[in-house]
Amino acid sequence: MFGKLFAVMAVLALGMTAANAQSCEDIITKRQNLMKVSGAAGKTAGAMMKGEAPFDLDKAKEVFAAWANDAKEMPTMFPDCSKTGAHTTAAPAIWDKPDDFKALIAKFTADVKAAQDSTKDLETFKANVATVGKNCSNCHQAFRVRPS
């Protein structure tokens, strides 16, 4: 009886470990996909800022909406189990300095919200993208490992 109970508990424990590992891989993939969407939004922004594409206020709003979604999702995208795996470029500093990381996300969130509220034309768009872009650069410098 105890042998069967032990066997069932062992199978359940292994199953939970495998499910947890899968969900961590999924989290890494999700955050990588969020970054890809942000990168695409940045390319759209850059094209409008350089005059390669006409300024379009609706597209500008889409850029900031993509970044706002990142700001909303990012705080949950770095559980301890996602430190490694799936070719992550998340730096150990995320877990070593969580308060600094959270502060950068909070600043990014506030700056994106301010940009959403104040972008009315190309000039305000350029200024707001520059402000938000500094957040991206600061975070990537401190909390991202460059792939080799």
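Parameters at a glance
Residues numbered from 1 in each chain as written. Predicted model: local features only at pLDDT ≥ 70, side-chain atom pairs only at ≥ 80, totals over all residues. Heavy atoms only, no water. Helix = DSSP H or I, 4+ residues; strand = E, 2+ residues; numbered from the N terminus. Expected span 1.5 Å × (residues − 1). Buried < 20%, exposed > 50% of the residue type's maximum accessible area, 1.4 Å probe, protein only. Arc of directions from axis to C-beta. Polar contact = N/O pair within 3.5 Å; in protein donor to acceptor, adjacent residues only side chain to side chain. Contact = heavy atoms within 4.5 Å. Axes fitted to C-alpha atoms, helices over the stretch in contact; angles between N-to-C directions. Parallel < 35°, antiparallel > 145°, perpendicular 65-115°, else oblique. Left-handed = near helix turned anticlockwise from the far one by under 90°. Nonpolar A, V, L, I, M, F, W, Y, C, P; charged D, E, K, R; others polar. Phe/Tyr/Trp six-rings, centres within 6.5 Å; stacked < 30°, edge-to-face > 60°. Salt bridge = Lys/Arg side-chain N within 4 Å of Asp/Glu carboxyl O.

Draft legend 1. Molecular detail of helix 5 (residues 122–143). If you check helix 5, its first and last C-alpha atoms are 31 Å apart, about what 22 residues at 1.5 Å a residue would give, namely 32 Å. Every buried residue of helix 5 is listed here: Phe125, Asn128, Val129, Val132, Asn135, Cys139 and Phe143. Projected onto a plane normal to the axis of helix 5, the buried residues spread over an arc of 115° and lie on a single side. Set apart from the buried face of helix 5 by more than 90 degrees, the exposed residues are Glu123, Lys134 and Gln141. Sitting at the amino-terminal end of helix 5 is Asp121, which places a side-chain oxygen 3.3 Å from the backbone nitrogen of Glu123.

Draft legend 2. Layout of the side chain of Asn135. Mapped onto the elements of the fold, Asn135 is located in helix 5. Among the polar contacts listed, one links the side chain of Asn135 to the side chain of Asp111, at a separation of 2.8 Å. A distance of 3.1 Å separates a polar side-chain atom of Asn135 from the backbone oxygen of Thr131. Those residues in contact with Asn135 that sit more than four places away from it in its chain are Leu104, Lys107, Phe108 and Asp111.

Draft legend 3. Spotlight on the packing of helix 2 (residues 57–73) against helix 4 (residues 98–118). Running from amino to carboxyl end, helix 2 crosses helix 4 at an angle of 155°, the nearest separation of the two axes being 9 Å. If you check the angle between helix 2 and helix 4, you find them roughly antiparallel. Once helix 2 is placed against helix 4, the crossing between them reads as left-handed. Counted together, Phe64, Ala65, Trp67, Ala68, Asp70 and Ala71 of helix 2 and Ile105, Phe108, Thr109, Val112, Ala115 and Gln116 of helix 4 form the full contact between these two elements. Classifying every residue of the contact of helix 2 with helix 4 by side-chain character gives 9 nonpolar, 2 polar and 1 charged.

Draft legend 4. Expanded view of the packing of aromatic side chains. The tally for this structure, following the rule as stated, stands at 6 aromatic pairs. Look at Phe55 and Phe125: their rings are 5.6 Å apart centre to centre, the planes differ by 55°, and that puts the pair in the tilted class. Note that Phe55 is positioned in the loop between helix 1 (2–50) and helix 2 and Phe125 in helix 5, a separation of 70 residues in sequence. Assessed through its relative accessible area of 27%, Phe55 is described here as partly exposed. Judged by relative accessible area, Phe125 falls into the buried class, the value being 0%. Ring geometry for Phe64 and Phe125: centres 5.6 Å apart, planes at 70°, overall edge-to-face. With Phe64 in helix 2 and Phe125 in helix 5, this residue pair connects regions lying 61 residues apart in the sequence.

Draft legend 5. Representation of the pattern of salt bridges. This structure, assessed with the given rule, holds 4 salt bridges. The salt bridge involving Glu73 is made with Lys30; its shortest N-O contact spans 3.2 Å. Within this pair, whereas Glu73 is found in helix 2, its partner Lys30 is found in helix 1, the two being separated by 43 residues in sequence. Judged by relative accessible area, which is 16%, Glu73 ranks as buried. Look at Lys30 and you get partly exposed, because its relative accessible area is 39%. Here Lys113 and Asp117 are joined by a salt bridge, their closest N and O atoms 3.1 Å apart. Pair noted here: Lys113 and Asp117 are both in helix 4, with a separation of 4 residues, about one helical turn. Take Asp117: its relative accessible area is 45%, and that puts it in the partly exposed class. Among the ionic contacts, a cluster of salt bridges with common partners joins Lys30, Lys72 and Glu73.

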